[in-house]
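# Residue-level structure breakdown
Next come the chains, spelled out residue by residue.
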Amino acid sequence: MSSDSGRKCVLIIDDSELNRKQLKDILKDEVDVIEAKNGDEGMNVIREKFHQLDIVLLDLIMPGKLDGFGVLSEMKREHMTDYLPVIMISTNNDPKNIEKAYDLGVLDFISRPYIERIVRRRVLTTIKLFKKQRDIANRIDRNYKADDEVRDSRTGLLYKTNFFNQADTQLRNLNLGNLWMVAVDIDHFKLFNSYYQWETGDAYIKKIGQTLLESAQRHGGVAGYLGGDDFAILCPARMDIVESLSNNLNRYLTDNSFEPSFRVNFGIYPIVASMKQSANDLYDLAAIALETIKGDYTVNISVYDPTMIQKEQDEYKRLLNIQEGIKNGEFTIYLQPKVNISTGKIIGAEALARWNHDGQVLGPNLFVPVMEKNGLISTLDKIIWDRAARFIKKQIEKQVQPIPISVNISEADIYTMDVPELFSEIIRAYDIPAGLLEAEISEATFANAPAKAADTVNRLHEIGMSVSYDDFGTGLASINTIESLNIDMLKVDTSFLRLSADAPEHSRNILEPVLGMAQQFQLPVIIEGVETAEQMEFLEQMGCDYAQGYYFHKPMPAEKFTKLISNPQKLDLTGIQVSVPQSYKVRQILDSSYISDEVIANIFGSLLILNRDGETVRVGWSLQDIDGDSELSDLVDASSEVPLSDMVKDTDREAFLRLFDEALKNRKKGAKGSFIFVFGGRQHLIRLRIFYMRNNINEQIYYAMCDEIEDEEK
Ligand code: C2E
Ligand code: CA
Ligand code: CA
């Protein structure tokens, strides 16, 4: 849609001549600029030069018949916003206006004072991204249209109708035994395409097609391509077939260093022969099973059960309600104080989303998961960030000491928007110090999108914000990357702690190494979910400095929080400190009185995080043992290519694997056993004690304590 010269063409609609001139000066080296001085003139240019324009920069408030909203409404009515991106130029950043403009199809906004680099980048990126999305939409349309072709040239799979026909034939063939219909797609493929290149997405689609085809050829059955990122396979009712597909495709992601959250999901419908449904109907049921695991990072295979239909319908209704709620401004923040354990004084607060619905205040578990599934979560997050910034601004205006407020960032946010840039805009719009607004990024995000998350952390630091690592301990996948991440604070999740009275030893065993590690990295730690005095005492003994939990304060409305902090005695504005500032070696942790004797006895040499995938056990992370040059450290080397399970002597391997099953069954007590390992050309008898922690994508995570009983010559 560019002008003849091949340069992009920008239309600026603004009644202020000065504004137009400033923007034109910023942009004119790179693009052609057309100006319009009011809404009517702008609309005329749009109609006349629709095919030449690449983007519209639109002022909202203009005199005359048509203001910015008027122009937007007309464009939307004529479906022009589907083809021509609009960026809003706003002089006043009333969030109501911003929300309304987004509703009308505005993609982004630029506010004054104009920062040249940002304006230029914003305009050019929007043109590029918008074009890419249109290309994708066209490609997908074309895929669907090409249905009369028998096979897709890219994947070699049968197209929709042909696939369903052939599947129907196979379903009538009674010799095939029990069958499954499996719906297959990529978790948020649209994000994949906007994050990587279209060609990269294309290659991924091709890989999936080939993998499914090979499986159908090997095990029997038929595979089909339904367009976009949707695939289906009719296969023998065997979980190992689906699991091997899943493993194959996950390996493809790893080999190409793609973010693991773009894994392939499988929805299985076990076919009941007597029901005689068509392949198409069976696919719809499999797709419902698939839908239930969208956005759930812990599973990627789901088997249909009849309650899913009801759940699906309920969720759909809830989603409509939520969208209505956003329009009506029903979402707001509650604030939960973070305190210094030893003084009880408040050091900051976390902004948590709440939904004022039908006279009730609803918590995030009723809306966050649903919104995460369909991407609406980013809209909510922006509202919450805005409210938090507004709260900070109000404190400053009241001339009370403002305290830092943290907000949550979702994984979808970092793919779909330029998070640091949005924050700098919010910070500028409210004119607040960047240090008062903090970001929380969850462990799930760090595990699913390591590269993108690390980049986000760095760029948030550049604009002066601090970043917390949220829910630490829920998915140890990325534990060894924490040091390089430059995180400002670790928030330790309570479920990881299991601070229950019946297993204090267990909590201690986990928490001590975590604190030790945090101190080694000089990272302050905040414990979440402290509910009782006992827990508080326990934490204090362990040397924890900061906490957030019902025992101190529940999340509360902003007004109540304001009242609470109006007493300066209750505040601690000295900032977060690490209690043990010098760098810690493991030896020092073990030598210090800081750690209990039991733990020293227990972990003696090494603490390991083990990842188990079927018969293979790998070391995910290890705490270096005391004696750095002993052979035990070779064994626990996380970077070793050889899986730990391959180092177990053949005769011991079965028992070794059984230990993991036992630990899985017996979560509290774990499982103990001794096995012969062969490494460095020698045999070593090693005693292991392992605990099951959690599932991660395709593997189970355990933590293990181990020590060598004796080492024998071969
Ligand atoms: P989170 O970020 O880990 O937030 C802490 C949660 O722990 C909050 O639940 C808080 O009320 C709760 N909590 C605090 N102290 C205690 C305690 O002593 N005992 C117990 N049992 N719970 C405690 P909440 O507000 O229900 O939020 C749940 C989750 O929803 C949050 O977990 C966060 O993941 C998500 N969430 C909340 N607000 C937002 C948001 O604005 N955006 C996004 N993306 N997610 C949000
Ligand atoms: Ca949080
Ligand atoms: Ca948390």
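The model shown is predicted, which means the values in this text are computed figures rather than measured ones.

### Description of the coordination of the calcium ion (ligand 3)
- Bound to the calcium ion (ligand 3) are the protein donor atoms Asp-470 (OD), Asp-471 (OD), Glu-528 (OE) and Glu-528 (OE), situated 2.2 to 3.1 Å from the metal.
- All donors of the calcium ion (ligand 3) belong to a single chain; written as a sequence motif, their spacing is D-D-x56-E.
- Taken as a pair, the calcium ion (ligand 3) and the calcium ion (ligand 2) lie 3.9 Å from each other and share Asp-470 as a ligand.
- Since its relative accessible area comes to 5%, Asp-470 is described here as buried.
- The class for Asp-471 is partly exposed, based on a relative accessible area of 25%.

### Focus on the site of ligand 1
- Around ligand 1, 20 residues are found, and the nearest of them are Arg-354, Asp-381, Ser-410, Glu-531 and Tyr-550.
- Glu-350 is positioned with one of its side-chain polar atoms (N or O) 3.1 Å from an oxygen atom of ligand 1.
- Taking Asn-408, its side chain carries an N or O atom lying 3.3 Å from an oxygen atom of ligand 1.
- Taken by itself ligand 1 offers 800 Å² of open surface, and the protein chains cover 77% of this.
- At the level of secondary structure, the elements contributing two or more residues to the shell around ligand 1 comprise strand S13 (346-357), helix H13 (377-397) and strand S17 (467-472).
- Looking at the shell around ligand 1 element by element, the count peaks at 4 residues for S13.
- Classifying every residue of the shell around ligand 1 by side-chain character gives 8 nonpolar, 5 polar and 7 charged.

### As for the packing of aromatic side chains
- Overall, the coordinates contain 28 aromatic pairs when judged by the stated rule.
- Between Phe-391 and Phe-561, the aromatic rings sit 5.8 Å apart at their centres with planes inclined by 50 degrees, giving tilted as the arrangement. Within this pair, whereas Phe-391 is found in helix H13, its partner Phe-561 is found in helix H22 (residues 558-565), the two being separated by 170 residues in sequence.
- An aromatic cluster is defined as three or more aromatic residues linked by ring pairs; in this entry it consists of Phe-189, Phe-192, Tyr-196, Tyr-204, Tyr-252, Phe-258, Phe-262 and Tyr-415.
- The lysine or arginine in question, Lys-100, covers the ring of Phe-69, its NZ or CZ lying 4.1 Å from the ring centre.
- Taking NZ or CZ as reference, Lys-554 lies 4.9 Å from the ring centre of Tyr-550, over its face.

### Let's talk about the UniProt feature "modified residue: 4-aspartylphosphate" (unreviewed entry) in the protein
- Per the UniProt record, "modified residue: 4-aspartylphosphate" (unreviewed entry) is found at Asp-59.
- Within the secondary structure, Asp-59 is located in strand S3 (residues 55-59).
- Residues contacting Asp-59, with those up to four places away along its chain left out, are Ile-13, Asp-14, Asp-15, Gly-68 and Ile-89.

### Digging into the coordination of the calcium ion (ligand 2)
- Here the calcium ion (ligand 2) is held by Glu-350 (OE), Asn-408 (OD1), Glu-440 (OE) and Asp-470 (OD), and the distances to it run 2.1 to 2.3 Å.
- In primary sequence terms, the donor set of the calcium ion (ligand 2) follows E-x57-N-x31-E-x29-D.
- On the accessibility criterion, Glu-440 (0% relative accessible area) is buried.

### Here's the deal with the sheet that holds S3
- Taken in spatial order, the 5 strands make up an open sheet running S2-S1-S3-S4-S5, and their pairing is parallel. This sheet does not close on itself; its edge strands, each paired only once, are strand S2 (32-36) and strand S5 (108-111). Neighbour-to-neighbour, the strand axes of the sheet open up by a mean angle of 25 degrees, direction not taken into account.
- Lying over the sheet, helix H3 (residues 68-77) contacts strand S1 (9-13), S3 and strand S4 (86-90), oriented at roughly 145 degrees with respect to S3.

### Notes on the sheet that holds strand S7 (residues 179-186)
- Across the sheet, which stays open at both edges, the 6 strands sit in the order S6-S8-S9-S7-S10-S11 with mixed pairing between neighbours. Only two strands of the sheet have a single neighbouring strand rather than two, namely strand S6 (158-159) and strand S11 (301-303).
- Here 2 bridges tie S6 to strand S8 (residues 222-225), and the two strands are oriented parallel to one another. Within the sheet, the bridge partner assigned to Tyr-159 lies in S8 and is Tyr-225.
- Packing of helix H10 (residues 279-291) onto the sheet brings it into contact with S7, strand S9 (231-236), strand S10 (264-270) and S11, and relative to S7 it is tilted by some 55 degrees.

### A short note on the confidence of the model for the protein
- With 83% of its residues at a pLDDT of 70 or more, the protein shows a mean pLDDT of 83.
- Considering only residues more than four positions removed or in separate chains, one finds that residues 579-605, a stretch of pLDDT under 50, has 51 contacts.
- Across residues 624-631, confidence stays below pLDDT 50; counting only partners more than four residues off in sequence or on other chains, it has 17 contacts.

### Remarks on the side chain of Ser-215
- Tracing the backbone through its elements, the reader meets Ser-215 in helix H8 (residues 198-219).
- Ser-215 gets classed as buried once you look at its relative accessible area, which sits at 7%.
- Among residues more than four places away in sequence, those in contact with Ser-215 are Gly-220, Ile-233, Ile-241 and Leu-245.

### Structural notes on H3
- Judged by how many residues are buried, H3 sits mostly within the fold: 7 of 10 residues are covered.
- Among the residues of H3, Gly-68, Phe-69, Gly-70, Val-71, Leu-72, Glu-74 and Met-75 are the ones counted as buried.
- Between a side-chain oxygen at the N-terminus of H3 and the backbone nitrogen of Phe-69 the separation is 3.2 Å; the capping residue is Asp-67.

### Some remarks on the packing of helix H15 (residues 419-430) against helix H17 (residues 450-462)
- Here H15 crosses H17 at 25 degrees, and the two axes come no closer than 9 Å. Put simply, H15 runs roughly parallel to H17. Between H15 and H17 lies a crossing of right-handed hand. Contacts from Val-419, Pro-420, Glu-421 and Phe-423 in H15 reach Thr-456, Arg-459 and Leu-460 in H17.

Conventions and cut-offs
- Residues numbered from 1 in each chain as written.
- Chains lettered and ligands numbered in written order.
- Predicted model: local features only at pLDDT ≥ 70, side-chain atom pairs only at ≥ 80, totals over all residues.
- Heavy atoms only, no water.
- Donors = N, O, S within 2.8 Å, 3.2 Å for Na, K, Ca; no water.
- Buried < 20%, exposed > 50% of the residue type's maximum accessible area, 1.4 Å probe, protein only.
- Near = heavy atom within 4 Å.
- Polar contact = N/O pair within 3.5 Å; in protein donor to acceptor, adjacent residues only side chain to side chain.
- Areas by Shrake-Rupley, 256 points an atom, 1.4 Å probe, with all protein chains shown as cover.
- Helix = DSSP H or I, 4+ residues; strand = E, 2+ residues; numbered from the N terminus.
- Nonpolar A, V, L, I, M, F, W, Y, C, P; charged D, E, K, R; others polar.
- Phe/Tyr/Trp six-rings, centres within 6.5 Å; stacked < 30°, edge-to-face > 60°.
- Lys NZ or Arg CZ within 6 Å of the ring centre and 35° of its normal.
- UniProt positions renumbered as here; feature names shortened; annotations may be inferred.
- Contact = heavy atoms within 4.5 Å.
- Pairing = 2+ DSSP bridges.
- Axes fitted to C-alpha atoms, helices over the stretch in contact; angles between N-to-C directions.
- pLDDT = per-residue confidence, 0-100.
- Parallel < 35°, antiparallel > 145°, perpendicular 65-115°, else oblique.
- Left-handed = near helix turned anticlockwise from the far one by under 90°.

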